[in-house]
Amino acid sequence: MIPDSPGSERRKGEVRSVHPTSPAEGLAAGAGAGSLEQAELNYGAREGPLRSAPRGGRPLPITLEARPALCRKEPLPRATTTSGFRSLAAGKAMSKGRSEAVPGASGILLKYLQEQNRPYSAQDVFGNLQREHGLGKTAVVKALEQLAQQGKIKEKMYGKQKIYFADQDQFDAVSDADLQGLDARILALTAKVQSLQQSCRHMEAELKELTSALTTPEMQKEIQELKKECAGYRERLKNIKEATNHVTPEEKEQVYKERQRYHKEWRKRKRMATELSDAILEGYPKSKKQFFEEVGIETDEDHNVKLPDP
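This is a predicted model, so every value here is computed, not measured. (Residues numbered from 1 in each chain as written. Predicted model: local features only at pLDDT ≥ 70, side-chain atom pairs only at ≥ 80, totals over all residues. Heavy atoms only, no water.)

*Asks:* It is not clear to me how the pairing of strand β4 (residues 153-158) should be interpreted in this structure. Could you clarify?
*Replies:* Note: β4 against strand β5 (residues 161-166), 6 bridges, orientation antiparallel. Bridged to Tyr158 within β5 is Gln161. Linkage of β4 to β5, two consecutive antiparallel strands, is achieved through a turn of 2 residues, within which Gly159 is found at a positive phi near 70°. (Pairing = 2+ DSSP bridges. Helix = DSSP H or I, 4+ residues; strand = E, 2+ residues; numbered from the N terminus.)

Okay, here's the thing in structure tokens:
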């Protein structure tokens, strides 16, 4: 409760200020004493203790910095600062933006549910329409609940999840014959879709084959290079036929025999080296590759060499 001005009186049961604001009021307050000194003392009780007066004058009160709470109450700091106004304005703008977004979201969601005519949860609707319309999840949930309360859509609980769907009363009743016709149409369209998908796959494969094939200029260039290569082979064959130092059949047979002997020896020595290294590696603590590196063994595989056919 905020106190009244100094020297004022309040109603019964409330705080009453008893401190005068002047010596005259102090005189009135100290009517029982009836003296000017008592009035000054009463006035000094408000302003503070008396100090010695100058020569020929009355004692002067000493002003106190901290006065009793009964006489004076410090005002509370203002809450309406600049930052407070900005925060309040920002909060109002955000709440206003949310409230304005709900009507637009309601129309979008109602149209979507009526067009799809199937049940959706709030998360499903939010995921399907977020990218296209930029709706927030809070706005979607609020709009769906508002539409359900207005009776424009239906709402059902499945466990802890709410499912929303269009009101089926707004759609015309469909007979069994119509349903059978729709089923037949669905089957026909499904078969047509499968046929088109298969045709698309064939066309994609053909396109891929044509893309990887050579173009007409590239094929013409390759033909010219092959013709030049054939001409070189013909010239080489001509020179071989016209040569006088031909190899006799006996020399040719000798060369083949030596080749077989060297091939047999190569295979024999490779097998011996492999068996020897395997025997050593049985008690060797490291890998085969590390053993070959430490010993300095080079294998045929290191140089991409393979045994020729016999």
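*Asks:* Looking at this structure, I do not really get the sheet that holds β4. What am I missing?
*Replies:* Across a sheet, strands are paired by hydrogen bonds formed along the backbone, either parallel or antiparallel in direction. In spatial order, the strands read β3-β5-β4; together these 3 strands make up an open sheet with antiparallel pairing. Since the sheet does not close on itself, it has two edges, and those belong to β3 (120-121) and β4, each with one partner.

*Asks:* Just checking my understanding: could you explain the packing of aromatic side chains for this structure?
*Replies:* Within a pair of aromatic rings, the relevant descriptors are the distance that separates the centres and the angle that separates the planes. All chains considered together, the criterion is met by 3 aromatic pairs. Consider the rings of Tyr112 and Tyr120, whose centres lie 5.4 Å apart with planes at 40°: the pair is tilted. Across the pair, Tyr120 and Tyr112 agree in class, each one buried. With centroids separated by 5.8 Å and ring planes inclined at 45°, the aromatic side chains of Phe291 and Phe292 adopt a geometry described as tilted. Residue classification places Phe291 among the buried positions, given a relative accessible area of 8%. (Phe/Tyr/Trp six-rings, centres within 6.5 Å; stacked < 30°, edge-to-face > 60°. Buried < 20%, exposed > 50% of the residue type's maximum accessible area, 1.4 Å probe, protein only.)

*Asks:* I would appreciate a short explanation of helix α5 (residues 137-150) in the present structure.
*Replies:* Since the α-helix advances by 3.6 residues per turn, residues separated by three or four positions end up pointing in the same direction. A rise of 1.5 Å per residue sets the reference length of α5, with its 14 residues, at 20 Å; its end C-alpha atoms lie 20 Å apart and thus fit the reference within 8%. Within the span of α5, buried status applies to Ala139, Val140, Ala143, Leu144, Leu147 and Ala148. Angularly, the buried residues of α5 cover 165° about the axis, an arc narrow enough to put them on a single face. Away from the buried face of α5 by more than 90 degrees, exposed residues Thr138 and Gln149 are located. (Expected span 1.5 Å × (residues − 1). Arc of directions from axis to C-beta.)

*Asks:* It is not clear to me how the environment of Val305 should be interpreted in this structure. Could you clarify?
*Replies:* Mapped onto the elements of the fold, Val305 is located in the segment after α9 (288-295). Residue Val305 is classed as partly exposed on the basis of its relative accessible area, which comes to 34%. If sequence neighbours within four positions are ignored, Val305 has contacts with Trp266 and Asp300. (Contact = heavy atoms within 4.5 Å.)

*Asks:* Hey, could you run me through the pairing of β5 in this one?
*Replies:* Residues in a regular strand project their side chains so that they alternate between the two faces of the sheet. Two strands pair when backbone bridges link them, and β3 and β5 are joined in this way by 2 bridges, in the antiparallel orientation. Along β5, the bridge assignment pairs Ser121 with Ile163.

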